[in-house]
Structures are given as C-alpha cells and as structure tokens.
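# Observations on chain architecture
Residue strings, one per chain:
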Amino acid sequence: MKKTIVFTGGGTAGHVTPNLALIEKLDRAEWDIHYIGTSGMEKDLVKDVPGLTYHEIDSGKLRRYASIKTVTMPFHVLKGYHQAKRILKTLKPAVVFSKGGYVSVPVVAAARGICPVLTHESDYTPGLANRIDAHFADKVLVTFADTVPFVKDSKGVHTGTPIRPELYKGSREKALAFTGLSGEKPVLLVTGGSLGAVAVNVAVREALPELLKTFDVVHLCGKGKLDESVRMPGYVQFEYVRDEMADLFALADVVVSRAGANAVFELLALEKPMLLLPLSGASTRGDQELNATYFEKRGYARVLRADEVSAGSVLREVTALYENRETYRETVRHAEGVDGTDMILKLIREAANA
C-alpha cells in the first residue's frame with residue numbers, strides 16, 4: 001500500500017528546488033506525493049511534476065520591515081492553517097516534509113498531531129519561518145554541521161542539502177550548442193542574478209573587455225536585466241535558465257555566484273571553483289554573508305563583499321580563482337556532508353514507518 005507524503009515550502013526557488021530533488025528520487029509505486037503551497041512561484045515550479053497533486057492555500061508573508069500588510073498577515077496565516085488542516089485530515093499523510101519559507105508555517109503547524117514532521121534549513125542560521133516551524137517539527141535537518149547548536153530541544157540533524165540529480169548529468173556539448181560558444185576558451189559562468197544583481201551585472205559588464213581576453217562569459221543576469229547594447233564575441237547573456245542549467249554547469253570552468261545555500265552547495269557538489277558575492281543590506285537577514293564566510297574559511301571559495309564589488313575586483317578575483325582552480329577543486333573533493341539527498345530520504349522513510 002502506498003504511503004502519502006506531503007511537501008511544502010516556497011516563496012523563493014531556494015525553498016522549492018530541494019523538494020524537487022527529493023521528489024525526483026521517490027518511487028511513485030511506493031509514495032502518493034502531494035504538495036501544499038500558495039498561488040506563488042512554488043505552484044509554477046511543481047504543478048507539472050508527474051505524479052504530484054498540488055493543493056493551494058492562503059499564507060501571509062513574514063516581513064522584516066514595516067508594512068501595512070503586516071497587520072493582516074496573522075489572518076492569512078490562520079486561514080492557511082485551517083485550509084491545511086482540512087487537507088491533511090483528508091490525506092492522512094505518513095509524513096510532512098517542509099523546506100521552509102513563509103508558505104510552510106501554516107502547513108507545519110497544522111500537521112502537528114497528525115503525522116511526523118521534518119523540516120530542512122539550508123542556511124547557516126535558521127530563518128524566521130524555520131524557527132517557527134521548529135516548534136512543531138519532530139526533526140530539523142540542516143545543511144551546515146555548525147547549524148546544529150542553533151536548533152533547540154536536540155532536534156537538529158546534520159544532513160547536508162538535497163542536490164538535484166540532473167545537475168550531475170550536464171552535457172558540455174549541449175551547452176556549447178545552446179550558447180553558440182566555440183569551447184576554445186575556458187568558460188566563466190556568472191549566475192545568481194535574479195535578486196539585487198544590478199551592481200554585479202554592472203561590474204561584470206564593465207570588466208568584459210579584459211575578461212574576454214581569457215574567458216568566454218555566460219551571464220545569467222536576472223529577469224528584466226538583459227542589456228542588448230552589450231554585444232561582444234564570447235559573451236552571451238540570458239535572463240534565467242532552467243532546463244539547461246546542468247549543461248551550463250558542465251561547461252563552466254569557474255563560477256561567479258551569489259551565496260544562497262542551495263546554490264553554493266550545488267557548486268560544491270559539482271566541484272566548481274567559485275567566487276561568491278553575497279547579498280547584503282536591508283533586503284537580507286545576513287544569511288548569504290554567513291554562508292560565504294563559511295566557504296571562504298574552508299578554502300571552498302573566494303569572496304567579494306558588497307562594498308568590494310567593482311569591475312577591477314571581479315577581474316582580479318576571477319583571474320586568481322582560475323589560476324588556482326586545481327587547488328580549489330582538490331579542497332572541495334574532501335568536503336563532507338555535501339549532498340544530503342539520500343540521508344534525507346532515509347530519514348523521511350524512517351519517520352513514515354514510525
């Protein structure tokens with residue numbers, strides 16, 4: 001008889017793609033798979049997954065800044081809680097797995113007393129939603145070993161993070177066909193630009209005349225941030241890439257990226273030398289700064305802070321990264337607890353069988 005599992009998590013792609021990594025490895029003959037989320041981006045990302053049923057609820061966004069919408073937020077969360085409760089009582093799941101984000105709060109709270117709940121935290125320190133979820137969860141799985149002490153009541157378990165299986169199957173040849181590049185030069189991939197990327201995009205484009213002497217450059221610059229006026233041989237830009245991402249990773253010799261936990265651990269799993277430009281300021285709680293510092297201290301990456309980003313500094317750091325690429329690759333080969341997919345699936349099965 002199939003067991004029912006409910007996934008939740010959303011608000012950003014980082015709260016969804018790890019769920020997709022786990023879902024991809026679940027046997028449809030063993031599991032009846034459901035996902036509870038809002039009408040937001042998580043619905044767009046998972047609604048077409050084969051064998052998955054999507055359930056939409058309301059949920060208030062947890063804000064760190066003053067907003068009139070903060071006043072109505074508890075009402076949305078309460079409404080979402082009752083909606084999730086009805087869904088869960090109907091489904092009678094064996095386990096609920098949450099990847100966090102404000103979407104998860106009413107679902108995780110509603111699951112308490114119905115079935116075991118596992119939640120996963122990607123960043124170095126737990127975010128607001130996961131700190132709330134931890135009160136209702138049976139276990140809090142974490143990407144960084146250093147995060148375990150931040151989790152109360154001995155619920156923390158170091159697992160690493162789920163890595164999408166398709167990332168290991170990228171094709172350099174397909175990427176060359178997709179980008180139109182010759183493959184004669186090493187390739188610099190610039191990614192992570194969908195949020196707050198203006199300074200990064202400007203710095204990269206200003207450095208292009210020098211960068212292109214050594215590299216071909218593939219630039220994922222973010223939605224609405226293409227600059228059609230920049231046309232140089234060896235430079236290709238896209239707003240966003242989804243299906244071809246694994247191929248672009250296979251093509252890349254070095255990568256410039258923001259420092260979201262999912263992104264940096266994917267690069268770590270793929271043994272890519274990386275220059276991290278962590279997002280900072282009022283729009284973030286500082287998680288990317290912590291992630292980047294962790295990677296820098298362990299020799300997994302080079303880092304440029306927001307106030308250091310310029311055309312000159314990007315050129316300097318990318319050059320140094322490429323010159324020392326084998327040292328970085330050798331260091332990351334010895335990293336432990338990177339791909340947590342199998343361990344998390346094991347914990348899910350144990351919880352479902354309890």
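So, a few notes on the structure that sits alongside this text. These numbers come from a predicted model, not from an experiment.

What counts and how
Residues numbered from 1 in each chain as written. Predicted model: local features only at pLDDT ≥ 70, side-chain atom pairs only at ≥ 80, totals over all residues. Heavy atoms only, no water. Helix = DSSP H or I, 4+ residues; strand = E, 2+ residues; numbered from the N terminus. Rg over C-alpha atoms; globule rule 2.2 N^0.38 Å. Buried < 20%, exposed > 50% of the residue type's maximum accessible area, 1.4 Å probe, protein only. Contact = heavy atoms within 4.5 Å. Areas by Shrake-Rupley, 256 points an atom, 1.4 Å probe, with all protein chains shown as cover. Lys, Arg positive; Asp, Glu negative; His and termini not counted. Charge placed at Lys NZ, Arg CZ, Asp CG, Glu CD. Pairing = 2+ DSSP bridges. Axes fitted to C-alpha atoms, helices over the stretch in contact; angles between N-to-C directions. Core = buried A, V, L, I, M, F, W, Y, C linked by side-chain atoms within 4.5 Å. Polar contact = N/O pair within 3.5 Å; in protein donor to acceptor, adjacent residues only side chain to side chain. Expected span 1.5 Å × (residues − 1). Bend = angle between axes of the 7 residues up to and from the residue. Phe/Tyr/Trp six-rings, centres within 6.5 Å; stacked < 30°, edge-to-face > 60°. Lys NZ or Arg CZ within 6 Å of the ring centre and 35° of its normal.

## What to know about the overall build of the protein chain
Counting its regular elements, the protein chain contains 13 helices and 13 strands. Radius of gyration (C-alpha) of the protein chain: 21 Å, near the 20 Å computed for a compact globule of 354 residues. Dimensions of the protein chain along its principal axes, counting C-alpha atoms only, are 60 × 45 × 35 Å. Here the protein chain holds 354 residues, and the buried ones make up 55% of them. Long-range contacts, defined here as pairs at least 24 residues apart, represent 62% of the contacts in the protein chain between residues at least 6 apart. Put simply, the protein chain shows about 15900 Å² of open surface, and 53% of that area lies on carbon and sulfur atoms. Separation of charge centres in the protein chain, based on 45 positive and 43 negative side chains, amounts to 6 Å.

## Quick look at the sheet that holds strand β13 (residues 301-303)
Strands sit in the order β10-β9-β8-β11-β12-β13 across an open sheet of 6 strands; the sheet is parallel. Pairing within the sheet leaves two strands with one partner each, and these edge strands are β10 (235-238) and β13. Mean inter-strand twist for the sheet, computed between neighbouring axes without regard to direction, equals 15°. Sheet topology places strand β8 (residues 187-190) next to strand β9 (residues 216-220); 4 bridges connect them, and they run parallel. By the bridge assignment for β9, Leu189 is matched with Val218. The sheet contacts of helix α10 (residues 287-297) involve β12 (274-276) and β13, and relative to β13 the element is tilted by about 130°.

## Some thoughts on the nonpolar core
Leu189, Val218, Leu268, Met274, Leu276 and Phe295 are the most contacted members of the largest nonpolar core, which totals 39 residues. With 27 residues, the next largest nonpolar core counts Ile5, Phe7, Val95 and Ala351 among its residues.

## Focus on the environment of Asp123
Relative to the elements of secondary structure, Asp123 occurs in the loop between β5 (117-121) and α5 (128-133). For Asp123 and Thr161, which are 38 residues apart along the polypeptide, the C-alpha to C-alpha distance reads 9.8 Å. Look past the residues within four positions of Asp123 in its chain and what remains in contact with it is Phe144, Thr147, Ala261, Arg285, Asp287 and Asn291. Here the side chain of Asp123 touches Asn291 through a polar contact of 2.8 Å, side chain to side chain.

## Concerning helix α7 (residues 198-211)
The end-to-end C-alpha distance of α7 is 19 Å, a good match for the 20 Å that 14 residues give at a rise of 1.5 Å each. Its axis deflected by about 30° at Arg205, α7 carries its strongest bend there, up to four residues before the proline Pro209. Restricting attention to buried positions, one finds in α7 the residues Val200, Asn201, Ala203, Val204, Arg205, Ala207, Leu208 and Leu211. Residues of α7 that are buried sit in contact with β8, β9, β10 and α11 (311-323).

## Some thoughts on the packing of aromatic side chains
Applying the stated rule across the entire model yields 12 aromatic pairs. Taken together, a centroid distance of 5.1 Å and an interplanar angle of 85° make the contact between Phe144 and Phe265 edge-to-face. With a gap of 121 residues between them, Phe144 in the loop between β6 (139-142) and β7 (156-158) and Phe265 in helix α9 (residues 261-269) connect regions that are remote in the sequence. An aromatic cluster is present here, built from Tyr124, Phe144, Phe150, Phe265, Tyr294, Phe295 and Tyr300 joined pairwise through their rings. Sitting above the plane of the Tyr294 ring, Arg298 keeps its charged end 3.7 Å from the centroid. Sitting over the face of the ring of Tyr322, Arg325 holds its NZ or CZ atom 3.9 Å from the ring centroid.

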